[in-house]
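# Residue-level structure breakdown
Here is how the chains run, residue by residue.
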Amino acid sequence: MGELKTVRIPDIGDFSDVPVIEVFVQNGNQINAEDSLIALESDKATIDIPAPFTGMIREIKVKPGDKVSEGSPIAVIEIADTGGNADAESVSRKPDSEADSTEQNKRIKETASGNAPRVISHTAQNESDKGAIETEEKLIYPVSPPISPVVVDASIKAHAGPSVRRFARELGVNLDLITGSGPKHRVLKEDVQAFVKAGFSRMRTNGKNASVDMGLDLLPWPRVDFARYGPLEIKSLSRIKQIAGANLHRNWVMIPHVTQFDEADITDLEALRKESNAAEKQAAVKLTLLSFLMKALIASLKKFPEFNASLDKNANGETNLIIKRYYHIGFAVDTINGLVVPVIRDVDQKGVVAIARELSELSVLAREGKLKPEQMQGAGFTISSLGGIGGTAFTPIINAPEVAILGVSKADYKPVYRDGQFVPRLILPLSLSYDHRVIDGAAAARFTSHLAEVLTDMRLALL
Ligand code: CAO
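What you see is a predicted model; the values in this text were computed from it and never measured. Residue positions are counted from 1 within each chain, in the order its sequence is given. Residue-level local features of this predicted model are given only where pLDDT is at least 70; pairs of side-chain atoms are given and counted only at 80 or more, and the full residue set underlies all totals for whole chains, interfaces and linings. Hydrogens and water are ignored here; the side-chain numbers use all heavy atoms of the structure.

### Overview of the overall build of the protein chain
By the criteria applied, helices consist of DSSP H or I runs no shorter than four residues and strands consist of E runs no shorter than two, each listed in order from the N terminus. Along its length, the protein chain carries 10 helices and 21 strands. Using a 1.4 Å probe on the protein chains alone, a residue whose accessible area is under 20% of its type maximum counts as buried, one over 50% counts as exposed, and one in between counts as partly exposed. Here the protein chain, with 463 residues, has 46% of them falling under the buried criterion. Contacts were defined at the residue level, with two residues in contact if any of their heavy atoms lie within 4.5 Å. The contacts in the protein chain between residues at least 6 apart in sequence include a share of 63% that link residues at least 24 apart. Using the Shrake-Rupley algorithm and a 1.4 Å probe, accessible areas are obtained, with residue cover drawn only from the displayed protein chains. Element-wise, carbon and sulfur atoms account for 52% of the exposed surface of the protein chain, whose accessible area totals about 23900 Å².

Following this line, the structure appears as structure tokens:
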């Protein structure tokens, strides 16, 4: 029997008590140096711990869900070649001797900055927030006008261990197109294989031009020497805008959008809002139209649950509609750094005053750039209100993987014909963009009609 060594968690920067999300090996597995042993996932990063040497797994010391820190034992490995192996030479020959974690640390650092990254950031904070460990990707999804908000949400980006990422890269597969079947939708090697298989079978079905059909096959972007026509100023796009732009583009291209326009008579609601604001003065919470709108929206989402949903593909390429039984609503906030989308959780369980308070607190945090990633995640539906600014209608872009977004424009008094005469009523324009794969035009019209009814008579929100 060869020498037994305990492999421990190497230096993983500032992280401690990090949950193990995946164990890639089993007792008796023959492994090579650099093969992934386990994956950890903090709220900031996925970290792959590679084997420091070749050998056989003799004991696994962790299971998914365990929390580990630097020095925690991972596994006992019987090393393959105690004679010529440099790692084996560097340690004691006692059974269960300690592996040289320095070597392992070195590998982690090398791989983290080389081609085979081992650390993948999940954070969505400001640009200056650099972790202790070099990161491969940062997910920052606020948005730039004029179109839609995009939330920060780790689920938007596929997460997978470095070995799976490497495997996908070798096959030229975009992991973001795959919904993983592992824990927390983690993409597994099998998911990548199934995806490739499904792609090949589609190509066989569609004939030899399938690869062109699957892409957009567009003309190249026009390149113009603008300086020929007059003086210029060149301004680089912020990193946030560049990343948000990619998300907007994906959502715009991949979701068949339709926008349904409607109007709600909010004359009575506005009167109620003003009265309530006068009464609430001491509480120092301003009841905004948006807080009432959120409350009304919940009534419509409960009546039409497919608007609070997401499309989800499993490993076999079958599509399901995930209907959410929670009501977390994102709202776009305009800040000097661009658009961000904080999320109010469990809006159905909150009153208008609590919603208004949270709207105001989250808007302040958004404008100060202090929102935490989790405060921008988990929305089932988003509202984008330009009502405080102006305009009559717009076509917001849906925040994937949501299936609809409500745009709100500026309310204005309009003459409405009632009982044989025109009367002035305060009319709020609504613009609902929806994913036509999930929602039919008739359902969208019913949804906005219902929402308009509730806004006209907020008592309906109580039913
Ligand atoms: N019609 C008419 N007036 C409206 C209105 C509407 N639909 N919505 C708000 N207003 C009024 C408010 O009543 C308020 O006036 P008073 O001070 O007299 O009460 C004023 O406009 C300003 O409102 P507000 O901005 O303080 O509050 P809000 O709840 O309307 O908006 C927020 C909050 C965070 C949504 C807003 O500040 C914001 O950032 N909006 C921009 C969002 C955006 O850019 N979306 C586009 C995304 S697509 O690229």
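Next comes the rest of the write-up.
### Thoughts on the pattern of salt bridges
Salt bridge criterion: a side-chain nitrogen from Lys or Arg within 4 Å of a carboxyl oxygen from Asp or Glu. Tallying each qualifying case throughout the model produces 14 salt bridges. Glu22 serves as the salt-bridge partner of Arg186, at 2.2 Å between the closest nitrogen and oxygen. A residue pair is termed long-range when its members are at least 10 positions apart, and Arg186 in the loop between helix H3 (162-171) and helix H4 (189-206) and Glu22 in strand S2 (residues 18-23) qualify at 164 residues. With respect to burial, Arg186 and Glu22 carry one shared label: buried. We note a salt bridge from Glu270 to Arg273, for which the minimum N-O separation is 2.9 Å. Note that Glu270 and Arg273 are positioned in helix H7 (residues 267-279) at a spacing of three residues, about one turn of the helix. The same class applies to Glu270 as to Arg273, namely buried. Here the salt bridges do not stand alone but share partners, grouping Asp265, Asp268, Arg418 and Arg425 into one network.

### Observations regarding the confidence of the model for the protein chain
Confidence scores here are pLDDT values: one per residue, from the predictor, ranging 0 to 100. Averaged over all residues, the pLDDT of the protein chain is 80; the fraction at 70 or higher stands at 77%. Segment residues 82-156: pLDDT under 50, and 205 contacts once partners within four positions in sequence are set aside and those in other chains are kept. Scored below 50 in pLDDT, residues 207-212 shows three contacts in the model against residues more than four places distant or in partner chains.

### Remarks on the packing of helix H8 (residues 289-303) against helix H10 (residues 441-456)
Simply put, an axis is a line fit to the C-alpha atoms, just over the touching stretch for a helix, and the angle between two N-to-C directions goes from 0 to 180 degrees. Packing of H8 against H10 brings their axes to within 9 Å, and their N-to-C directions diverge by 135°. Judged on the interaxial angle alone, H10 and H8 are oblique. The handedness of the crossing between H8 and H10 comes out as right-handed. Counting all contacts with H8, which are made through Leu293, Ala296, Leu297, Ala299, Ser300, Leu301 and Lys303, the residues of H10 involved are Phe447, His450, Leu451, Val454 and Leu455. For this classification, Asp, Glu, Lys and Arg are treated as charged, while Ala, Val, Leu, Ile, Met, Phe, Trp, Tyr, Cys and Pro are nonpolar and the rest, including Gly, are polar. Taken together, the residues that form the contact of H8 with H10 break down as nine nonpolar, two polar and one charged. These descriptions rest on fixed angle ranges, namely under 35 degrees for roughly parallel, over 145 for roughly antiparallel, 65 to 115 for roughly perpendicular, and the rest for oblique. Whether a crossing is left-handed or right-handed is set by the direction in which the near helix is turned from the far one by less than a right angle, anticlockwise for left-handed and clockwise for right-handed.

### Re the side chain of Ser276
Positionally, Ser276 belongs in helix H7. A distance of 2.6 Å separates a polar atom in the side chain of Ser276 from the backbone oxygen of Leu272. Counting of polar contacts relies on pairs of N or O atoms within 3.5 Å, with two restrictions inside protein: one atom must be capable of donating a hydrogen and the other of accepting it, and residues adjacent in sequence are counted only when both atoms are side-chain atoms.

### A word on H8
Taking 1.5 Å as the rise per residue, H8 with 15 residues should run 21 Å; its terminal C-alpha atoms sit 21 Å apart, in good agreement. Buried residues dominate H8, accounting for 12 of its 15 residues. For H8, the full list of buried residues reads Leu290, Ser291, Phe292, Leu293, Met294, Lys295, Ala296, Leu297, Ile298, Ala299, Ser300 and Leu301. How far a helix is expected to stretch is found by multiplying one less than its residue total by 1.5 Å.

### Some thoughts on the environment of Glu306
Assignment of secondary structure puts Glu306 in the loop between H8 and strand S12 (309-313). We classify Glu306 as partly exposed; its relative accessible area is 23%. Along the sequence, Glu306 and Val438 sit 132 residues apart, while their C-alpha atoms lie 7.4 Å from each other.

### What about the packing of aromatic side chains?
Ring pairs shown here join Phe, Tyr and Trp side chains whose ring centres sit within 6.5 Å, with only the six-membered ring taken for Trp; geometry is labelled stacked below 30 degrees between planes, edge-to-face above 60, and tilted in between. In total, this model carries five aromatic pairs according to the counting rule given. Ring geometry for Phe304 and Phe447: centres 5.8 Å apart, planes at 65°, overall edge-to-face. Residue Phe304 is found in the loop between H8 and S12, and its partner Phe447 is found in helix H10; the two are separated by 143 residues along the sequence. Judged by its relative accessible area of 12%, Phe304 is buried. In this scheme, the term charge over a ring applies when either NZ of a lysine or CZ of an arginine sits within 6 Å of the ring centre and within 35 degrees of the ring normal. Directly above the ring of Phe167 sits Lys189, whose terminal nitrogen or CZ lies 4.8 Å from the centroid. Across the ring face of Tyr327, the terminal group of Lys302 is positioned such that the distance to the ring centre comes to 5.4 Å.

### Focus on the pairing of S2
By definition, two strands form a pair when at least two bridges between them are found by DSSP. Here S2 pairs with strand S7 (residues 67-68) via two bridges, running antiparallel. Looking across to S7, one finds that Pro19 is bridged to Lys67. Bridge analysis of S2 against strand S4 (residues 36-41) gives three bridges, and the strand direction is antiparallel. Within S4, the position partnered with Val20 by the bridge is Leu40.

### A look at the environment of His436
As for its position among the elements, His436 is in the loop between strand S21 (421-435) and H10. Note: C-alpha distance between His436 and Thr259 (177 residues apart in sequence) is 9.6 Å. Dropping the residues within four chain positions of it, His436 is found in contact with Pro256, Val258 and Gly441. Of the polar contacts made by the side chain of His436, one reaches the backbone oxygen of Ile439; its length is 3.0 Å.

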